[in-house]
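# Coordinates in review
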Amino acid sequence: MRTPPIPDNEAERQQALDETELLNSGADSRFDRITRLCLDLFSVPIALVSLIDRERQYFKSRQGLDASETPRDISFCGHAILGSEPLIIENVLDDMRFCDNPLVCGAPDIRFYAGMPIHSSEGYRLGTLCLIDKQPRQFSEENVAQLKNLAGMVEDLIWTDIYQRRESTALQQQLQTSHDEMTSLVNNIPGITFRCLPDKSWTMLYISNQVDTISGYAADDLINNKRVCYADLIHPDDVSVVDDAVTNAMANNEEWHIEYRVRHRTLGFRWVEERGKCIETDPRHPQVLEGFIIDITRERNALTQLERHHQALTVLTDIAFSCHGSLDERINHALQEAKLYLRAELAIVSEIKGEVYTVNWIAGPSDTTIVAGQQFALEDTWCQFLMAENPSSTTQEQFIADTDRPEFQQHPCYKTAPLGSYAGVVINVYDRPWGTLNVSSAKARSEDYNDGEKLFLRLLGNWLSDVLTQNLSQQRLTKLAALLPGTLYQFRRFPDGRMVFPYSSPQIETLYGITPEQAAEDAIPAFERIHPGDIETVSRSIEHSAHTLEHWQSTYQVNCPGKGYRWISGEARPEKMIDGSILWHGYLQDVHEQHQARLALEQSEARLRSLFDFSPIGIALNDFVTGQFLDLNDALVAPTGYTREEFVSLSYWDVTPKEYEPEEQKALASMQSTGRYGPFEKEYIRKDGSRYPVRLQGMLSTELDGRKVIWSLVEDITERKKLDKMKDEFIATVSHELRTPLTSIKGALGLLNGGATGELPPKANKLLHTAERNATRLTLLINDLLDMEKLVAGKMPIQKQKQDLGSLLDDAIESVKSYQHQTQTQIRPPNNWPAVTVNVDGPRLIQALTNLLSNAIKFSPEGEWVDVSVIVDKTLVEIAIRDRGPGVDLAFQDRLFQRFSQADSSDNRKVAGTGLGLAITREICQQMDGDVGYRDAEGGGALFFIQLQVAQ
């Protein structure tokens, strides 16, 4: 067996171990938890926290081993602390250092050992966390890593204890910097040594002279209970503590260490610390107690002071970060906490204006007669001591533990408001005295206000100054915010998920239906008004902003009171608070109209783009100066033979034959003067050089950058030209091949009906009349068709001249008289026509009026009237023809003036017609710079009107 060598730095290592105070301090549950964890994690029977002392290894924590220590010279851990890496011995019988070790040959029969050195914070190896097994075993790298981690946990505990002791000592020294005597006494004063009997009186056989510092009695007064026995000096509450501690130590033959209070003859009770042990070597007494007593009153007071300071900070923290929303709740809560901490009966925040003292907030007993809002003369209050005529000379604080002193007895407040104790500080708002924070009680205090209590009241006064200043600023901000179109706000989300609006301008009520006060208590009602389809998006955006502290911005719908869902835009800047909450500063605005307009614009743009892309007519956008194509649709490219890319690279003049240049110049001149051109027809050149006809029209537009562009509709009219040719051929056929024989047939039928061939049988006459009537209808149809085509093609001449409108109306009414008699319908014109002159083609206007009059007669019931009226409005005259028939179905009105349109297109319709009359009427009116239209007549029936320009 090899005895473990002594490390080179043994003296320093041993000192570091002693400083940990781990030796002989008994078991520690924290280390025990780690060793128990080792048993479970590594499946070993023994786990130890071993400390290598001078001559022993001491087990601070042990599992599976009864011994609390073993000699150092046979220890495995003595070898382990020679290096910083783990000592792993998978089979000790194979290791010459340990194979014959007593701990191997005998209990605990070690066969496997793994020990990880435990280091002090300075790096000294104090001992190990070790594992022991009675069977050889393998130890993997993962096991090694786990052992290192657990040893690190032991080191953390040791370092934490040392750090806390050092911090505690440093804190006590800081608290007592004003008392240099205490530091000297704690470190240098000799204690009190004693020898006494373990009887009920603790009869002193010997006690040093320093006993007078804790008792006020000389040592001679206590020896053999000459004047007083030591037991009578012990505080009654501590008697049992002292008796039990000494009795247990004697029974276990160990030292006792206790703290208790001793009554000083004049100074009250003093705290002492006693260490001692029972000695049984005195020949005169079977048992004698020997020990050492030191006065620790100052240390105990320091700890008490520290606890009070800690309590003060805790209370102040609770006040500063309370969950109360309103200003009244926060200040009332603060006063209640201050009253409890300072053990006062009454706490008040007052506002002082001139010589008037106003109680703004108060916390006191239920039977107090003072209420918030109550006013007093300043000179009748104790706060008058804090305020002076000159604000710059104001006394900022006053602490009076006992008011029964001469300097106070002559003051008016001593009689008008008698108090036992009073403490107050001035509250400053915007750096000027605003009022006071004061606490008081009816009875005097038994001791002066200590430094911690004074500091507490000062800090609370500072907090109130900040809160009131902030509240005043907030009120000013609210007045300004009320003038804004939107809502200024602060939104706060706490770590526990609670959400509030600490500040919001009054406009929040119009958005969320809650007042600023309600919003400051709970933000949930505001979120409940967000549209269900938007709440998840808003929540995600808030979560993202809270996580990244990035600027928050969102647009969403809110169910605004009385307005329904409206679009709201919000943005805010996040700020992380020291309590872990996030505070956003932001602005909310109703953007419903703007958002709707934007959505409508986007929808309109999308529709226009769809129309642009899918239009069957070519659409092009060209630069006005260069003619370069900027944009175009597929319908424009399709007939050219070019690809889109090729066509875009062309200029407008690349696809236009040169012979059309004069017409192009006319179009450019028209655009420059009117902003529009066309429609006109020309040809485009295909990629293969061939041409195809197009119809163009367009307008001039100006882009946002000021550039002028041309929007053009380019219609490929190749098919239309073919159809026009076919139509012309059809019209010629109808005109020459159909109308000529039809005229002969109609004439022959007229002769037969006129008796040119003699009298015919009745049945034959009926058939001839039917044939003649149908021949007439067919002639009218052909004539209408030819007229329609002439009008549309511009081949029917319109000879406009200034004429009296009344005469034209009379002629039109006269032309349908025979039709009136057939249907027993009367036309009712006004007594006199207005004197109006119009510039029209008379016969064509009569034709248009005749169409409308005949329709009115045709659809009127027998015996009803058809009214004709004229209304003149400055430059416009309207001719209205109204019947009492069934009117026009709403679904048919859009097609009323289309060619061949008939409301009843069935073969057995009651009223005959070609479906061309209204279409011809519209073409005639439009070519005379007029228009024709329809509206439902009041009281039923149809009303058709023609509008014409009044001739100047």
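Residues numbered from 1 in each chain as written. Predicted model: local features only at pLDDT ≥ 70, side-chain atom pairs only at ≥ 80, totals over all residues. Heavy atoms only, no water.

### Some words on the overall build of the chain
Rules: Only runs of H or I of at least four residues qualify as helices and only runs of E of at least two qualify as strands under DSSP, and these elements are numbered from the N terminus. We compute the radius of gyration over the C-alpha atoms and compare it with the globule rule, which gives 2.2 Å times the number of residues raised to the power 0.38. Contact definition: two residues touch when any of their heavy atoms are within 4.5 Å. Accessible areas in this description were obtained via Shrake-Rupley with a 1.4 Å probe; residue shielding takes into account the shown protein chains only. Counting rule applied: Lys, Arg positive; Asp, Glu negative; His and chain ends not counted. We put the charge of a Lys on NZ, of an Arg on CZ, of an Asp on CG and of a Glu on CD.
From N to C terminus, the chain includes 28 helices and 34 strands. For 952 residues, the compact-globule formula gives about 30 Å, and the C-alpha radius of gyration of the chain, at 56 Å, lies well above that figure. Overall size of the chain, expressed as C-alpha extent along the three principal axes, is 185 × 95 × 60 Å. Taking the intrachain contacts of the chain between residues at least 6 apart in sequence as the baseline, contacts between residues at least 24 apart amount to 55%. Here the chain has roughly 51400 Å² of accessible surface; of this, 51% comes from carbon and sulfur atoms. Treating the 96 positive side-chain charges of the chain as one cloud and the 136 negative ones as another, the clouds have centres 7 Å apart.

### Let's talk about the UniProt feature "domain: PAS" (unreviewed entry) in the chain
Inclusion rule: UniProt positions are given in the numbering used here, feature names are shortened, and annotations may be inferred rather than shown by experiment.
Under the present numbering, the feature "domain: PAS" (unreviewed entry) in UniProt falls on residues 178-253 and 503-549. For the annotated span residues 503-549, helix accounts for 70% and strand for 4% of the residues, and the straight-line distance between the end C-alpha atoms is 20 Å.

### Topic: helix α9 (residues 239-252)
Convention followed: The span one expects for a helix is its residue count, reduced by one, times 1.5 Å. In this scheme, a residue with accessible area under 20% of its type's maximum is buried, one over 50% is exposed, and one in between is partly exposed, where area comes from a 1.4 Å probe on protein chains only. By arc we mean the arc of the directions from the helix axis to the C-beta atoms, nothing more.
If you check α9, its first and last C-alpha atoms are 20 Å apart, about what 14 residues at 1.5 Å a residue would give, namely 20 Å. Every buried residue of α9 is accounted for by Val 242, Ala 245, Val 246 and Ala 249. Projection of α9 onto a plane perpendicular to its axis shows the buried side chains occupying an angular sector of 90 degrees, all on one side. Opposite the packed face of α9, turned more than 90 degrees from it, sit the exposed residues Ala 251 and Asn 252. For α9, the elements touching its buried residues are β9 (256-264) and β11 (288-295). Phi turns positive one or two residues past the end of α9, at Asn 253, with a value near 55 degrees.

### A few points about the pattern of salt bridges
The line we're drawing: By convention in these notes, a salt bridge is any Lys or Arg side-chain nitrogen within 4 Å of a carboxyl oxygen on Asp or Glu.
Taken as a whole and assessed by the stated rule, the structure comprises 46 salt bridges. The shortest N-O distance in the salt bridge between Arg 445 and Glu 453 comes to 2.7 Å. What makes Glu 453 buried here is its relative accessible area of 0%. A single network of salt bridges, built from pairs that share partners, joins Asp 18, Asp 53, Arg 54, Arg 56 and Glu 69.

### A word on the packing of helix α25 (residues 805-815) against helix α27 (residues 842-858)
Applicable threshold: Every angle, taken between N-to-C directions, lies between 0 and 180 degrees, and every axis is a line fitted to C-alpha atoms, over only the stretch in contact when it is a helix. By definition in this entry, angles of less than 35 degrees are roughly parallel, angles greater than 145 are roughly antiparallel, angles of 65 to 115 are roughly perpendicular, and the rest are oblique. Note on convention: near helix rotated counterclockwise from far helix by under a right angle means a left-handed crossing. Clockwise means right-handed. All amino acids are sorted into three groups, where Ala, Val, Leu, Ile, Met, Phe, Trp, Tyr, Cys and Pro are nonpolar, Asp, Glu, Lys and Arg are charged, and the leftover types, Gly among them, are polar.
At a closest axis distance of 9 Å, the pairing of α25 and α27 adopts a crossing angle of 50 degrees. Of the possible angle classes, the one that applies to α25 and α27 is oblique. The hand of the α25/α27 crossing is right-handed. Along its contact with α25, which presents Leu 805, Leu 808, Leu 809, Asp 811, Ala 812, Ile 813 and Ser 815, the element α27 presents Gly 842, Leu 845, Ile 846, Leu 849, Thr 850 and Leu 853. For the contact of α25 with α27, the per-class residue count stands at 9 nonpolar, 3 polar and 1 charged.

### Comments concerning a negative patch on the surface
Short version of the rule: Every patch collects residues that have over 30% relative accessible area and no salt bridge, joining them within 9 Å if they carry like charges and within 5 Å if they are nonpolar side chains (Val, Leu, Ile, Met, Phe, Trp, Tyr).
On the surface, Asp 328, Glu 329, Glu 509, Glu 517, Glu 521, Asp 522 and Glu 528 cluster together into a negatively charged patch. Those elements giving two or more residues to the negative patch turn out to be α11 (327-341) and α16 (516-521). Within the secondary structure, Glu 528 is located in helix α17 (residues 524-528). By relative accessible area, Glu 528 is classed as exposed at 63%.

### Thoughts on a nonpolar patch on the surface
Taken together, the side chains of Leu 313, Leu 455 and Leu 459 define a hydrophobic patch exposed on the protein surface, amounting to about 240 Å² of accessible area. You can see Leu 313 is positioned in helix α10 (residues 297-320).

### Description of the environment of Asp 534
Within the secondary structure, Asp 534 is located in helix α18 (residues 532-548). Each C-alpha atom of the pair Asp 534 and Val 558 lies 9.0 Å from the other, and the pair is 24 residues apart in sequence. Excluding residues within four positions of it along the chain, Asp 534 makes contact with Tyr 556, Gln 557 and Trp 567.

### Here's the deal with the packing of α27 against helix α28 (residues 917-927)
Across the interface, α27 lies against α28 with an axial gap of 9 Å and an inter-helix angle of 145 degrees. Once α27 is placed against α28, the crossing between them reads as left-handed. Contacts between α27 and α28 involve Arg 844, Leu 845, Gln 847, Ala 848, Asn 851, Leu 852 and Asn 855 from the former and Gly 917, Leu 918, Ile 920, Thr 921 and Ile 924 from the latter.

### Structural notes on the state of the cysteines
Here is the idea: a disulfide is a covalent bond, and it sits between the sulfur atoms of two cysteines. Threshold: Two cysteine sulfur atoms form a disulfide, by the criterion used here, when they sit within 2.5 Å.
Taken as a whole and judged by the stated rule, the model has 0 disulfides. In this structure Cys 99 is not part of a disulfide, and its nearest cysteine sulfur, from Cys 105, lies 7.7 Å away. Residue class for Cys 99 comes out partly exposed when judged on its relative accessible area of 24%. Of the cysteine sulfurs around Cys 383, a residue in no disulfide, the closest is that of Cys 413, at 9.3 Å. For Cys 383, a relative accessible area of 2% translates into the label buried.

### Structural notes on the pairing of strand β23 (residues 618-623)
Rule in force here: Strand pairing is assigned whenever DSSP detects at least two bridges linking the two strands.
For β23, a buried count of 6 out of 6 residues is recorded, marking the element as mostly surrounded by other parts of the structure. Summarising the sheet, β23 and strand β24 (residues 629-632) pair through 3 bridges and their orientation is antiparallel. What sits directly across from Leu 621, in β24, is Asp 631. In textbook terms, the turn of a hairpin is the stretch between consecutive antiparallel strands, and for β23 and β24 this stretch comprises 5 residues, one of which, Gly 627, has a positive phi near 80 degrees.

### Notes on the packing of aromatic side chains
Between two aromatic rings, the relevant description is the distance of the centres plus the angle of the planes. Put simply, the rule is: Centres within 6.5 Å make a pair out of two Phe, Tyr or Trp rings, where for Trp the six-membered ring is used; the pair is then stacked when the planes are under 30 degrees apart, edge-to-face when over 60, and tilted otherwise.
Inspection of every chain in the model, using the stated rule, returns 22 aromatic pairs. For the pair Phe 491 and Phe 527, a centre-to-centre distance of 5.8 Å together with 40 degrees between the ring planes defines the contact as tilted. Separated by 36 residues along the polypeptide, Phe 491 in strand β18 (residues 487-493) and Phe 527 in helix α17 bring together distant segments of the chain. On the basis of an interplanar angle of 55 degrees and a centroid distance of 6.1 Å, the ring pair of Tyr 677 and Phe 680 is categorised as tilted. Note on Tyr 677: relative accessible area 6%, which makes it buried.

### Examining the sheet that holds strand β14 (residues 375-377)
Reading across from one edge, β14-β13-β12-β17-β16-β15 is the order of the 6 strands in this open sheet, with antiparallel pairing throughout. If you trace the sheet from one side to the other, it starts and ends with β14 and β15 (397-400), each paired once. Recorded for the sheet is a direction-independent mean angle of 25 degrees between the axes of neighbouring strands. Across 9 bridges, strand β16 (residues 421-429) lies against strand β17 (residues 432-441) in antiparallel orientation. Of the residues in β17, the one forming a bridge with Val 425 is Leu 437.

### What to know about the sheet that holds β9
Pairing is antiparallel in the open sheet, where 5 strands are placed in the order β8-β7-β11-β10-β9. Each end of this open sheet is capped by a strand with a single partner; those strands are β8 (204-207) and β9. Sheet twist, expressed as the mean angle between neighbouring strand axes with direction ignored, is 30 degrees. When β9 meets strand β10 (residues 268-279), the two strands line up antiparallel, connected through 9 bridges. Following the sheet pairing, Arg 261 is matched in β10 by Trp 271. α9 rests against β9, β10 and β11 of the sheet, and its axis sits at about 150 degrees to β9. Against the sheet, α10 contacts β9, β10 and β11, and its axis sits at roughly 120 degrees relative to β10.

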